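Coordinate inspection notes
The lines below spell out each chain.
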Amino acid sequence: MVTLAQTEPAALSLRGISKSFAAPDDPLTRRLALIDISLSLAPGELVALIGPSGCGKSTLLRLIAGLDTPDSGELTIGSEPITAPSAERGLVFQDPNLFPWLTVRRNIEAGLVARGLLREKRAEVDDFMRLVRLETFANAYPHHLSGGMAQRAALARALINHPKVLLLDEPLGALDAFTRMQMQDEVLRLWQARRTTMLLVTHDIDEAIYMSDRIMIMTPTPGRIERKIDIDLSRPRDRSSEAFLRLRSNILEHLHFAGTAPA
Ligand SMILES: Nc1ncnc2c1ncn2[C@@H]1O[C@H](COP(=O)(O)OP(=O)(O)OP(=O)(O)O)[C@@H](O)[C@H]1O
Ligand SMILES: [Mg+2]
């Protein structure tokens, strides 16, 4: 049984965020990637962000991670403004990005080593390996792992820092359909065990409905939040229930029209 200390999940709030980049074809012109994004996540809430390629989902996560700064607007975690990267905001990408020369254990420990906390927190490494069911693979190298196992190691590596907010950028996007569904349950189990506030970027409408408390639909050029949908289905959710399929067809229709509407 895993008896890990809980971290207080935090609220995440974005107000009026805009972000532009130099246009690749004309470096003197700036092009808006995000315009007037406002959203708030309650502590412990799981929100999915969906939208077509290029609508600014990763840009938004990078701003929340503190890897980039907005042109205007405010970002806060709890009452603290976001000004730089911090271990309190974990980030997991589509590619698990494990260090191939380190064992699973050493990969999961990496953040603690970087922050000089390994001696103090060594016991937690075993707890987190158990949490993601990789304890028997502690001494294996990343090339011994399946895609789902590698992604579980990446999740443990982020969770070991006790993030107040976990940012997931298409974390299951590279997995086959069956593993992906299993991993959706794994991520939900981790979310329920840790109660971390989570923002999940996905292209998969079913995944967004299956997993999240709320879905934000983004539209491109420039990226903005077009619609917010509460998912009031009890968990575990039935992907073939009438309510599920109704939501799916609503969102599909919305994305279709969002993609074809004149700019
Ligand atoms: N560092 C950068 N320099 C210039 N333009 C950028 C930069 N990062 C993102 N952009 C532009 O911002 C827009 C949004 O990109 P972003 O990667 O956030 O989209 P996305 O929604 O994550 O797409 P995908 O679903 O394909 O991952 C795109 O037009 C992209 O070209
Ligand atoms: Mg992206």
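Attention in this report is confined to the structure presented alongside it. (Residues numbered from 1 in each chain as written. Chains lettered and ligands numbered in written order. Predicted model: local features only at pLDDT ≥ 70, side-chain atom pairs only at ≥ 80, totals over all residues. Heavy atoms only, no water.)

1. Details of the sheet that holds strand β5 (residues 80–81)
Applicable threshold: Strands are labelled as partners when DSSP assigns at least two bridges between them. Here a strand is any run of E in DSSP of at least two residues, a helix any run of H or I of at least four, and the numbering for each starts at the N terminus. In what follows, a contact means two residues having at least one pair of non-hydrogen atoms within 4.5 Å. What counts as an axis is a line fitted to C-alpha atoms, over the stretch in contact for a helix, and the angles between N-to-C directions run from 0 to 180 degrees.
In spatial order, the strands read β2-β1-β4-β5; together these four strands make up an open sheet with antiparallel pairing. Here the strands that pair on one side only, and so sit at the sheet edges, are β2 (26–41) and β5. As paired elements, strand β4 (residues 72–77) and β5 share two bridges and run antiparallel to each other. Each bridged residue has a counterpart across the sheet, and for I77 the counterpart in β5 is E80. Against the sheet, helix α1 (residues 57–65) makes contact with β1 (12–23), β2 and β4, and its axis sits at roughly 120° relative to β1, the strand it touches most.

2. Examining helix α2 (residues 104–114)
Put simply, the test is: Working definition: with a 1.4 Å probe on protein chains only, accessible area under 20% of the residue-type maximum means buried, over 50% means exposed, and in between means partly exposed.
Of all the positions in α2, only V104, N107, I108, E109, A110 and L112 are classed as buried. Its buried side turned inward, α2 meets α3 (118–131) and α4 (147–159). Trailing α2 by a residue or two, G116 shows a phi angle of about 70°, which is positive.

3. Thoughts on the nonpolar core
As a reminder of what qualifies: Put simply, buried Ala, Val, Leu, Ile, Met, Phe, Trp, Tyr and Cys residues joined by side-chain atoms within 4.5 Å make one nonpolar core.
The biggest cluster of nonpolar side chains holds 51 residues, and the ones touching the most others in it are L155, L166, L168, I209, I215 and I251. With eight residues, α4 is the single largest residue contributor to this core. Discounting chain neighbours no more than four positions away, the residues touching L168 are L61, V92, L155, V187, M198, L199, L200 and V201. If you look at the next biggest cluster of nonpolar residues, it comprises 26 residues, including L34, L61, I64 and I225.

4. Notes on the side chain of K57
This is how the line gets drawn: Two N or O atoms form a polar contact when they lie within 3.5 Å of each other; inside protein one atom must be a possible hydrogen donor and the other a possible acceptor, and for residues adjacent in sequence the pair counts only when both atoms belong to side chains.
Mapped onto the secondary structure, K57 falls in helix α1. Here G51 takes part through its backbone oxygen, which lies 3.0 Å from a polar atom of the side chain of K57. The contact partners of K57, leaving out residues within four places of it in the chain, are L49, I50, G51, P52, V201, H203 and M218.

5. Here's the deal with the site of ligand 1
Our working definition: We call a residue near a molecule or strand when any one of its heavy atoms sits within 4 Å of it. Method for areas: the Shrake-Rupley scheme with a 1.4 Å probe, in which residue coverage is limited to the protein chains shown. Ten residues, namely Ala, Val, Leu, Ile, Met, Phe, Trp, Tyr, Cys and Pro, are considered nonpolar, four, namely Asp, Glu, Lys and Arg, are considered charged, and the remaining ones, Gly among them, are considered polar.
Taken together, F21, A33, S53, G54, C55, G56, K57, S58, T59 and H203 form the complete shell of residues around ligand 1. Here an oxygen atom of ligand 1 sits 2.5 Å away from a polar atom, N or O, in the side chain of T59. A distance of 3.0 Å separates an oxygen atom of ligand 1 from a polar atom in the side chain of H203. Contact with the protein chains covers 55% of the free accessible surface of ligand 1, which is 630 Å². Ranked by the residues each element gives to the shell around ligand 1, the list is headed by α1, at three residues. Classifying every residue of the shell around ligand 1 by side-chain character gives three nonpolar, six polar and one charged.

6. Thoughts on the packing of aromatic side chains
In plain terms, the rule: Classification of ring pairs uses Phe, Tyr and Trp, with its six-membered ring standing for Trp, and accepts pairs whose centres are within 6.5 Å; under 30 degrees between planes counts as stacked, over 60 as edge-to-face, and the remaining range as tilted. Each ring is checked for a lysine NZ or an arginine CZ that lies within 6 Å of its centre and within 35 degrees of its normal; such an atom marks a charge sitting over the ring.
Here the structure, examined in full by the defined rule, presents one aromatic pair. Relative to W101, the ring of F99 has its centre 5.3 Å away and its plane inclined at 40°; by these criteria the two rings are tilted. According to the relative accessible area criterion, W101 is exposed, its value standing at 60%. The lysine or arginine in question, R157, covers the ring of F99, its NZ or CZ lying 5.9 Å from the ring centre. One residue, R195, lies across the ring of W191, its end atom 4.8 Å from the ring centre.

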